[in-house]
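Analysis of the macromolecular model
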Amino acid sequence: MPMKMKVFALVALLSSAARAAEVSEVRVEALDGFGGDTGSVLVRCQTKAGSQYDPVTVTRDVNSLRDSGEFETISADAKRTAAGIEVTFKVKRKMRYSGPLAVEGNDYFSESRISKEADLKDGYLYGEGDLAAAAARVRLAYQKKDFADVKVTPVATVKEGNDASVKFIIDEGRRQKVNGFVFAGADSIEASVLSEAVGDYPWWNPKGWFSDSPTTPDELARCRDQIAEVYRNEGYLDVKVTGPDRVPCSDGEVDLRFNVQEGKAYKIGRISISGLTCYPENVVREKSELPQVGAVAGEKTLVDAAHRIMVVVGSGDAGLADTRVDVKRVPTQSDDVVDIVFNISEGVPVVINEVKIRGNDYTKDKVIRREIALGPGDRMLADRAERSQKRLENLDYFSRVRYYLEPTGRGKDANGAEYRDLVYEVEEKNTGSFMVGVGASSVDSVYVSAEVSQNNFDLFAPGRLFRGAGQKGRAYVAAGPRYQSVELGVVEPYLFDRHLELSVDAYRRMRWYDQYDLIRSGAQASLAYPVKFWPTWEPFGRFGVGVSGEFIEFDDTDNGTWMFEGREVSYRMEDELYGDAFEPVLHLFWAKDSRDNFRMPTRGHRTKVFVDLAPGGDNEYWRVGVNHRSYFNVWKRYNHVLMTGFRAETIDGFSDEVPIYNRMFLGGPKSIRGIEYRHVAPMAQRRGGGDWDPWGGQTLFCANFEYTVPIVKMFRVAVFSDLGSVGVDEFDLDFSDTFAWTVGVGLRIDIPMFPIRLDFATPIEEPDHAEKEVFSFTIGYDF
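Residues numbered from 1 in each chain as written. Predicted model: local features only at pLDDT ≥ 70, side-chain atom pairs only at ≥ 80, totals over all residues. Heavy atoms only, no water.

**Describing the overall build of the protein chain**
- Looking only at helices and strands, the protein chain has 12 helices and 40 strands in total.
- Expected size for 783 residues packed as a compact globule is a radius of gyration near 28 Å; at 36 Å, the protein chain overshoots this value by more than 25%.
- Counting over 783 residues, the protein chain shows a buried share of 42%.
- Restricting the contact set of the protein chain to residue pairs at least 6 apart, pairs at least 24 apart contribute 60%. (Helix = DSSP H or I, 4+ residues; strand = E, 2+ residues; numbered from the N terminus. Rg over C-alpha atoms; globule rule 2.2 N^0.38 Å. Buried < 20%, exposed > 50% of the residue type's maximum accessible area, 1.4 Å probe, protein only. Contact = heavy atoms within 4.5 Å.)

Written as structure tokens, this is what we have:
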């Protein structure tokens, strides 16, 4: 018999003999010195004297004791004696904390603050490791207040049994406030860029208002990595970052100095691909959009290119899953040039056995599955998997989304493709918000507002706090001297689990103009479905139909008489003819939205074409229009964005004239900046001469052009030009009297959920009798 087999047989024999032996005694050895009865340990164990010895049972007993949370350390020994197997459980019991916490040596923090940070609860069990963790929490609180050398030592004193009092002995050290961050040796990248990378913002940057600069050892260690990452992404592949050193400066403060050895900035020489057999290399190069020769050999640039190659190889007719692409940098004769080799380890064809969802605690499975473009029986294609991941990320329900394949043991299909499970793993984040604040704009003046919204809403799940069905819910209230509003809305994007979007809104809006007040109360519901066209039959926007009912009231109307187009008009007459009116409206529309970001887009477009028909009710009219905006990332490296927009509408009554509240106006921060709100429109003059006031028209067009340039994070400078006009009648293209063209500059402050737009504009052409508005500001995203 070979030697290995003999050893194996001997081990098996001894194990079998050990299992056959009886347990002669079970003992407990306490390592804590508390004294007292240890019989409670034996009660928890299944290993008993007189039973057959089983090492699996002993292991189970150790795990059971550990899970109780009463012991700091647990182990078990088994010793053979003449009487059988003697089992000894060695335990170190935790102390039962008896408060309050005693503190010694503190000056900056009070005892109550230290107790709060330590978070020790009277009567709870704690071990030495738990006390060390509590001391670490106190130490971290001191470090955040610039006590870099603070020491916190926990001392436990056993009183009776395992009851113990705890004292924290604190050596605060010297407080050294951080004056700033210094990057010694950083000659090629501006200090402001590195400061932003580590999270240290100047006082005028709003992002710094909501976060603290890094001060703790862990935070500063991450800063080193972030500085090195910035350099590597700029081609400095050999960069080394050390520190920070605390360098004294004025008034007892210190600078945190990171020492940077930049090394050379590398550029890309030749690019080659190795290990590729399933596709022609030129096809992979073209589809992967590889960087150009001479481009910066930044780490992110190369990693992204490798990822694109992986997607290409994992897609198409071959579709090789688990493809790996490694980046190799090969030195050349030129010191600052490296050749790049993408080494491909091709995967295997895979058929999806099952799609599994993990990590969703409250989001329904179907909400996630409907965004995944792959299913059981499909070939695993990386481009579809990536697109599905992007769609899930764009939902903004999850802080992290990733996918991977798992073996199934099912084998292969008839074509030799392996069966694997496709797993999408998500990490949910807060999708609701509650905001109360003071808003302001040059149109609405100052107003107080409150809003509750949930982007992952479930109308029928109070037990899950109305979360998880992928709906959108919103409640909004605003009140000010010129504007008041109450709004409720729900959107179900997949009605009956189909691509059928249902939107329901109800509102009451009150706005005070100079010559009258207007109150609109109503509700609207619409259904929208993706439309497809030959020859691709791919979705191209959504076609929708909706109905609304609105009750419109005038209040506090001006009693004067005005002249418009050679005839007398008055707001009082508008109230008599069109006040207290009910309007049922049928809405038909087509809309398409391909923006990459709904709040701050950099590419894509948004288009809506609509027809409104109001054949019944107190006001009978029709209206048609189009609204389009396009976004172009014209300089991707620096994120320069050009926005172009166009809007055109016309309206007419079926029999009567169009009421003033349905007529059209331009001007103000959301249409033509540089002209007073609603002043781009046909005007009426008070009888006898004097004031001019917008009377409105029935046809409008408006074009907007805006170019934005980031200065620092959250700040963008804009240059823009707006032009447009309003005609008196339907399809009235004579805009000579009301044409406006303005140019200006602006500042965009991109505070999350509270973006501010500041604009300065001046007219090149302005309508007769219109008033200028040089400065305007709004709170909100792109109009």
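There's more to say after this.
**Let's talk about the sheet that holds strand S10 (residues 240-248)**
- Strands sit in the order S9-S11-S10 across an open sheet of 3 strands; the sheet is mixed. Every interior strand has two partners, whereas the edge strands, strand S9 (178-184) and S10, have only one. Across the sheet, the mean angle from the axis of one strand to that of its neighbour is 20°, orientation sign disregarded.
- With 6 bridges connecting them, S9 and strand S11 (residues 254-261) associate as parallel partners. Bridged to Ala184 within S11 is Asn259. (Pairing = 2+ DSSP bridges. Axes fitted to C-alpha atoms, helices over the stretch in contact; angles between N-to-C directions.)

**Brief notes about the pairing of strand S23 (residues 501-512)**
- Note that strand S22 (residues 483-492) and S23 share 10 bridges and pair antiparallel. Within S23, the position partnered with Glu487 by the bridge is Tyr507.
- Bridge count between S23 and strand S24 (residues 517-532): 12 bridges; the pairing is antiparallel. Paired with Leu502 across the bridge in S24 is Leu527.
- Linking S23 back to S24 in an antiparallel pair, the connection comprises 4 residues.

**Brief notes about the environment of Leu465**
- Mapped onto the elements, Leu465 comes out in the loop between strand S20 (445-457) and strand S21 (471-479).
- Residue class for Leu465 comes out exposed when judged on its relative accessible area of 60%.
- Note: C-alpha distance between Leu465 and Tyr362 (103 residues apart in sequence) is 9.5 Å.

**Re the environment of Gly269**
- Considering the arrangement of structural elements, one finds Gly269 in strand S12 (residues 267-274).
- For Gly269, a relative accessible area of 10% gives the class buried.
- Aside from chain neighbours lying at most four places away, what touches Gly269 is Val293, Val337, Val338 and Asp339.

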